[in-house]
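# Remarks on the overall topology
Listed here are the chains, written in short residue letters.
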Amino acid sequence: MINKVEVSTPGKLMLLGEHAVIYGRPCLVTAVDQRMKVIGEKVGGPGITIDAPDVGIHDFEYKPGDGDVPKGVRFVVAALKNFGWNGGLKITTASEFSSEFGFGSSSAVTVGVLKCLSELSETKLDNKHLFDLAYKSVLDVQGVGSGFDLAAAIWGGTLRFVTGGKKIESLKTKELPLVVGYTGIKADTTTLVKMVSQKREGSYGIVEEIFDQVESLVNEARVGLEKGNWEQVGGLMNENQKELETLGVSTIELSRLITAAREAGAWGAKLSGAGGGDCMIALADKPKVIGKAIAKAGGVVINVSSGAEGVRVE
Ligand code: PMV
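In short, a report on the structure. (Residues numbered from 1 in each chain as written. Predicted model: local features only at pLDDT ≥ 70, side-chain atom pairs only at ≥ 80, totals over all residues. Heavy atoms only, no water.)

## Details of the packing of helix 6 (residues 206–227) against helix 7 (residues 230–247)
Selection criterion: An axis is simply a line fitted to the C-alpha atoms; with a helix, the fit covers only the stretch in contact. Between two such axes, the angle follows the N-to-C directions and lies from 0 to 180 degrees. Helix numbering and strand numbering both begin at the N terminus, where a helix is a DSSP run of H or I of at least 4 residues and a strand a DSSP run of E of at least 2. Note on angle classes: values under 35 degrees are labelled roughly parallel, values over 145 roughly antiparallel, values of 65 to 115 roughly perpendicular, and the remainder oblique. Should the near helix be turned counterclockwise from the far one by less than a right angle, the crossing is left-handed, whereas a clockwise turn marks it as right-handed. Contact between two residues is taken to exist if any of their heavy atoms lie within 4.5 Å; hydrogens are not considered. In the scheme used here, Gly and all other residues not listed as nonpolar or charged are polar, with Ala, Val, Leu, Ile, Met, Phe, Trp, Tyr, Cys and Pro taken as nonpolar and Asp, Glu, Lys and Arg as charged.
At their nearest, the axes of helix 6 and helix 7 sit 9 Å apart, and the two run at 165° to each other. When the axes of helix 6 and helix 7 are compared, the pair comes out roughly antiparallel. As helix 6 packs across helix 7, the resulting crossing turns out to be left-handed. Packed against helix 6, whose contacting residues are Val207, Ile210, Phe211, Gln213, Val214, Leu217, Glu220, Ala221, Gly224 and Leu225, the element helix 7 presents Trp230, Gln232, Val233, Leu236, Glu239, Asn240, Glu243, Thr246 and Leu247 at the interface. In terms of residue class, the contact of helix 6 with helix 7 is built from 11 nonpolar, five polar and three charged.

So this is what it looks like as structure tokens:
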């Protein structure tokens, strides 16, 4: 019988295709080597305790049936409900990355908790089943999302992904020469997704045309990634950034870091994720030079490696 288990899940970066992925187009995502740790331990009695100090939650006692729970434990509680967990439990989470970066901490936690529960109850869950439970949990909490971040947390590597996990393909790529710059501003994904949805409704098909354009960029970039043609992928990232600017999700702060990276010689640069803040990414052969330029423009450089391993039992 297993009484205690520790699992870890990687964070993620969207490479190309954000927003369009919600509307049935593919996106490209890579898992990064900064990880979320989740420890699950069976305890006596019926109580469930959640300790998530990174998000200000200290030994929160959850009683099944509790209606309103603090923001920091919502994804854990949704995962417990969807798994159908019964019995005493302590869940502890610890992240190597800040929840402010947009590296997908909520998704990483959701996957980590479900993986712990499956191990503790000795229930075999294949990756697709794990994805479906995690996706339902995320939709229960935030109502919107494609689930690309869950796929990165589960499968790891670099993926081509279609909303809801309709298609998840692992790409054969080398380590990507990525430079990541954080704007210092936390973005609210749900608000940005709703904003794009409203624009789409009143756009007489123009936003759909943008999404079609993004789909072509994603499909070309997939080929470029598999060939290691970074110059080509960089150019496609620049094109994708233009489309995101047209959608109105980029910001002055993101543009400043993106322009600095390009002027310093990056093959390409764009925002990564919903926009509105969080991180930008650049593809470049001189990461130190690009990193310096990003820092000079006010960004915080985050060192990550791409294509990290998916969820694993430690
Ligand atoms: O803000 P992030 O890093 O969670 O990325 C959001 C990407 C969107 O395509 C806008 C939403 C989604 O779930 O795919």
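## As for the layout of surface pockets
Here is the rule: Method remark: on a 1 Å grid restricted to protein atoms, a set of points is classed as a cavity if a 1.4 Å probe fits but cannot get out and as a pocket if it is open with protein on both sides within 12 Å along at least five of seven lines; lining residues have an atom within 4 Å of a point. Grid points are joined across faces, edges and corners, and a volume is the space filled by probe spheres set on the points.
In this model, the largest pocket occupies a volume close to 1,200 Å³. Around the largest pocket, the lining is made up of 50 residues, and of these Phe75, Ser106, Gln142, Lys186 and Thr189 lie nearest the centre. Those elements giving two or more residues to the lining of the largest pocket turn out to be strand 1 (4–16), helix 1 (74–83), strand 5 (89–95), helix 2 (105–120), helix 3 (127–142), helix 4 (148–155) and helix 5 (189–201). Looking at the lining of the largest pocket, its residues break down into 21 nonpolar, 19 polar and 10 charged.

## With respect to the packing of helix 2 against helix 4
To describe two helices that pack against each other, one gives the angle between their axes and the distance between the axes. At a minimum axis distance of 9 Å, the contact between helix 2 and helix 4 shows a crossing angle of 50°. Judged by the inter-axis angle, helix 2 sits oblique to helix 4. In the crossing of helix 2 with helix 4, the sense of the turn from one axis to the other is right-handed. Contact residues: Ser107, Ala108, Thr110 and Val111 in helix 2; Asp149, Leu150, Ala153 and Ile154 in helix 4. Across the contact of helix 2 with helix 4, the residue classes break down as five nonpolar, two polar and one charged.

## A short note on the side chain of Gln241
Considering the arrangement of structural elements, one finds Gln241 in helix 7. Among all residues touching Gln241, those that are not within four sequence positions of it are Ser250, Ile258, Arg262, Ala269, Lys270 and Leu271.

## Examining the pattern of salt bridges
Counted only if it meets this: The salt bridge criterion pairs a side-chain nitrogen of Lys or Arg with a carboxyl oxygen of Asp or Glu, the two atoms within 4 Å. With a 1.4 Å probe rolled over the protein chains alone, any residue whose accessible area is under 20% of its type maximum counts as buried; one over 50% counts as exposed, and the rest are partly exposed.
One pass over the structure, following the stated rule, counts 15 salt bridges. Between Lys242 and Glu239 there is a salt bridge, with its nearest N and O atoms 3.5 Å apart. In this pair, Lys242 and Glu239 both sit in helix 7, three residues apart, roughly one turn of the helix. A residue is classified by how much of its surface remains accessible, and Glu239, at 35% relative accessible area, is partly exposed. Of the charged contacts, one joins Arg312 and Glu314 as a salt bridge, the two residues approaching to 2.8 Å between their closest N and O atoms.

## As for the sheet that holds strand 10 (residues 279–283)
The strands that make up a sheet are held in pairs by hydrogen bonds between backbone atoms, and each pair lies either parallel or antiparallel. We count it as follows: Paired strands, in this sense, are two strands between which DSSP finds at least two bridges.
The antiparallel open sheet is built from four strands, whose spatial order is 9-10-8-11. At either margin of the open sheet sits one strand with a lone partner, and together these are strand 9 (268–272) and strand 11 (300–302). Neighbouring strand axes in the sheet, compared pairwise and without regard to direction, differ in orientation by 30° on average. Along the sheet, helix 7 makes contact with strand 9 and strand 10, crossing strand 9 at roughly 45°.

## With respect to the packing of aromatic side chains
Spelled out, the test is: Any pair of Phe, Tyr and Trp rings, taking the six-membered ring for Trp, is counted once the centres come within 6.5 Å. Such a pair is stacked with planes under 30 degrees apart, edge-to-face with planes over 60 apart, and tilted for the rest.
Summed over all chains, the structure comprises seven aromatic pairs. A centroid spacing of 5.6 Å and a plane angle of 25° characterise the contact between Phe131 and Tyr135, whose relative ring orientation is stacked. With a gap of four residues between them, Phe131 and Tyr135 both fall in helix 3, about one helical turn apart. When its relative accessible area of 0% is taken as the criterion, Phe131 is described as buried. Pairing Phe131 with Phe161 gives two aromatic rings, centres 6.0 Å apart and planes at 55°, and the pair type is tilted. Here the residue Phe131 occupies a position in helix 3, and Phe161 occupies one in strand 6 (residues 158–162), the gap between them amounting to 30 residues. Both residues of the pair, Phe131 and Phe161, belong to the buried class.

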